[in-house]
Amino acid sequence: MLDIKLLQNDFETICEKLRKKKVKEEVLDTLRSISLELKKEKKVLEELQAEQNAKSKLFGVYAKEGKDINALKAELSENKTKVAELNSLVKDLEEKLSSIASEIPNIPDESVPEGEDENENVELGLILTPPTFDFEAKEHWDLDNGWLDFERGVKLAKSRFTALRGDGAKLSRALINYMLDFNAKRGFSEVCVPYIANRETLTGTGQLPKFEDDLFKIDGEDLFLIPTAEVPVTNLFRDEILNENELPIKMTCYSECFRKEAGSAGRDTRGMIRQHQFSKVELVSITKPEQSEDVFNQMVDCASDLLTSLGLAHRKVMLCGGDLGFSAAKTIDLEVWFPGQNRYREISSISNTMDFQARRAKIRYKDGKKNKLVHTLNGSSLAVGRALIAIMENYQNEDGTIRIPEVLKAYM
RNA sequence: CGGGAGAUGGCAGAGCGGUUGAAUGCACUGGUCUUGAAAACCAGCGAGGGUCAUACCUCCGGGAGUUCGAAUCUCCCUCUCCCGGCCA
């Protein structure tokens, strides 16, 4: 959630910055005027309440002393309705304010380039050279080695579900274990969390209220399947005040992720690129504000080095304003080389949300005497399914067999 | 899913319908003492808003109600714990 005080005090700057994310100025204007009205009405209400409180206390004293209390009682009763009216007005304003504010995305960081969509993202570097083949490299769905069973996955659930079999299933598990161990060596401690989350949890990280259509909801309950481990892991510390000396908290978590992919009908319908359910190993960090930049870079390096260790060529891309997600102030994507498709495709995405999620989820820390909002960061270590098919395509032999990357052999 | 108990500050745990935002203990922070530490003693110590700072307002799981006044009374919801059933 965006800091309302910033909006009140520095309206122009905020508007300018949020223009990068295509937020309409009218919405911000409405938000600001509601917040100012609220401030005004609240002051009036508080004065009235103070008066009531003082007189109520007097009432108690008078009653004890046996003085006449009828006049006081009448006065209090009369003011009571005034307080109630004003109170409900203030509550209305507060509700309006938070419902608008909760749908405003995060403010992009200064380092984020201008741009409309993914075509204007900025490449930051290429790591490793894509392999060359003396035969025509196939796409993963054409590699007929029995690892990926698309038909039966669909039979079990529906389209965009896939079953893994044999060494494919084994490789998936090997990747998960390898990544978790790799991350642990970089100081990310492993956590394991529920795959189902409630409304407060999804609101804390920004998926709700705006993106309910992208989530699988449990019928008859106010619960949802998680779209990423970022949601439960970040919310581990919701409504908490952490000790300064326990920060930064760096965590890694394997989970299944569930997404409706409502807006992407017709895209990537073949193969395992875009699924309703996929495995992912995630990195999540909770930091002090002054630590977040550094930890962000650690997370990017961690994911990039992981790809390098698997021998997968990839590139680093800084997302432009128009391509940034709702909660992110800054995002770097890692795109891995797919020989069959002859292009780079996203396999990891690391974001710094600054205090945006922390404000929503009320995650704070004691900075000396004061309580301050933490910064939260999240990023895929790697999406396991995409790593699996990246290995299939990059390590394919002409006869359709697939070599196993050196570092994974111990895990198979 | 059936029966019982409960939800108060970081934790534990008091709280008569009226100066209770809340006793007490632990933890924590600062100080005295000590060569240093421990112990002991003294002091401070919930959150959010508001203010230059005070004042002041709100919050005792959430919501509604009774009352001049609710942490304390009533109702609804949620959650937790114990007993039974089912079960990895």
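Computed from a predicted model, the values in this text were never measured in an experiment.

Conventions used here
- Residues numbered from 1 in each chain as written.
- Chains lettered and ligands numbered in written order.
- Predicted model: local features only at pLDDT ≥ 70, side-chain atom pairs only at ≥ 80, totals over all residues.
- Heavy atoms only, no water.
- Pairing = 2+ DSSP bridges.
- Helix = DSSP H or I, 4+ residues; strand = E, 2+ residues; numbered from the N terminus.
- Axes fitted to C-alpha atoms, helices over the stretch in contact; angles between N-to-C directions.
- Contact = heavy atoms within 4.5 Å.
- Buried < 20%, exposed > 50% of the residue type's maximum accessible area, 1.4 Å probe, protein only.
- Domains from an automatic or database assignment.

1. Observations regarding the sheet that holds strand β10 (residues 314–318)
Logical step 1: The 8 strands are arranged β1-β10-β11-β12-β15-β9-β8-β4 in an open sheet whose pairing can be described as mixed. Among the strands making up the open sheet, the edge pair consists of β1 (122–127) and β4 (189–191). Strand-to-strand twist of the sheet, defined as the mean angle between neighbouring strand axes without regard to direction, takes the value 25°.
Logical step 2: Against the sheet, helix α6 (residues 167–185) engages β4, β8 (249–258), β9 (277–287) and β15 (375–383), with an angle of about 10° to β9.

2. Let's talk about the sheet that holds strand β7 (residues 240–242)
Logical step 1: Overall, mixed pairing links the 3 strands, which are arranged β7-β13-β14 in an open sheet. Edge positions in the sheet fall to β7 and β14 (370–373), since each has one partner strand and no second. For this sheet, the mean inter-axis angle between neighbouring strands, taken without regard to orientation, is 40°.

3. Some points on helix α11 (residues 384–394)
Residues spaced three or four apart along an α-helix point in a common direction, a consequence of the helix completing one turn every 3.6 residues.
Logical step 1: Among the 11 residues of α11, 11 are classified as buried, and the element is accordingly described as predominantly covered.
Logical step 2: Buried within α11 we find Val384, Gly385, Arg386, Ala387, Leu388, Ile389, Ala390, Ile391, Met392, Glu393 and Asn394.

4. As for the environment of Ala303
Logical step 1: Position of Ala303 relative to the elements: it lies in helix α9 (residues 292–309).
Logical step 2: Under the relative-accessibility criterion, Ala303 is labelled buried at 0%.
Logical step 3: Linking Ala303 and Ser349, residues 46 residues apart in sequence, is a C-alpha distance of 9.0 Å.
Logical step 4: Sequence-distant contacts of Ala303, that is, excluding residues within four places in its chain, are made with Leu334, Ser348, Ile350, Ser380, Ser381 and Leu382.

5. Quick word on the domain arrangement of chain A
Logical step 1: Domain annotation of chain A identifies domain 1 (4–101) and domain 2 (118–411).
Logical step 2: The C-alpha centroid of domain 2 is placed 43 Å from the C-alpha centroid of domain 1.

6. Quick look at the pairing of strand β12 (residues 343–352)
Logical step 1: For β12, the tally of buried residues reaches 7 of 10 residues, placing the bulk of the element in the interior.
Logical step 2: Summarising the sheet, strand β11 (residues 330–338) and β12 pair through 9 bridges and their orientation is antiparallel. Directly across from Ile332, in β12, lies its bridge partner Ile350.
Logical step 3: Linking β11 back to β12 in an antiparallel pair, the connection comprises 4 residues, with Asn342 at a positive phi of about 60°.
Logical step 4: As paired strands, β12 and β15 are joined by 3 bridges and run antiparallel to one another. Across the sheet, Asn352 pairs through a bridge with Leu377, a residue of β15.

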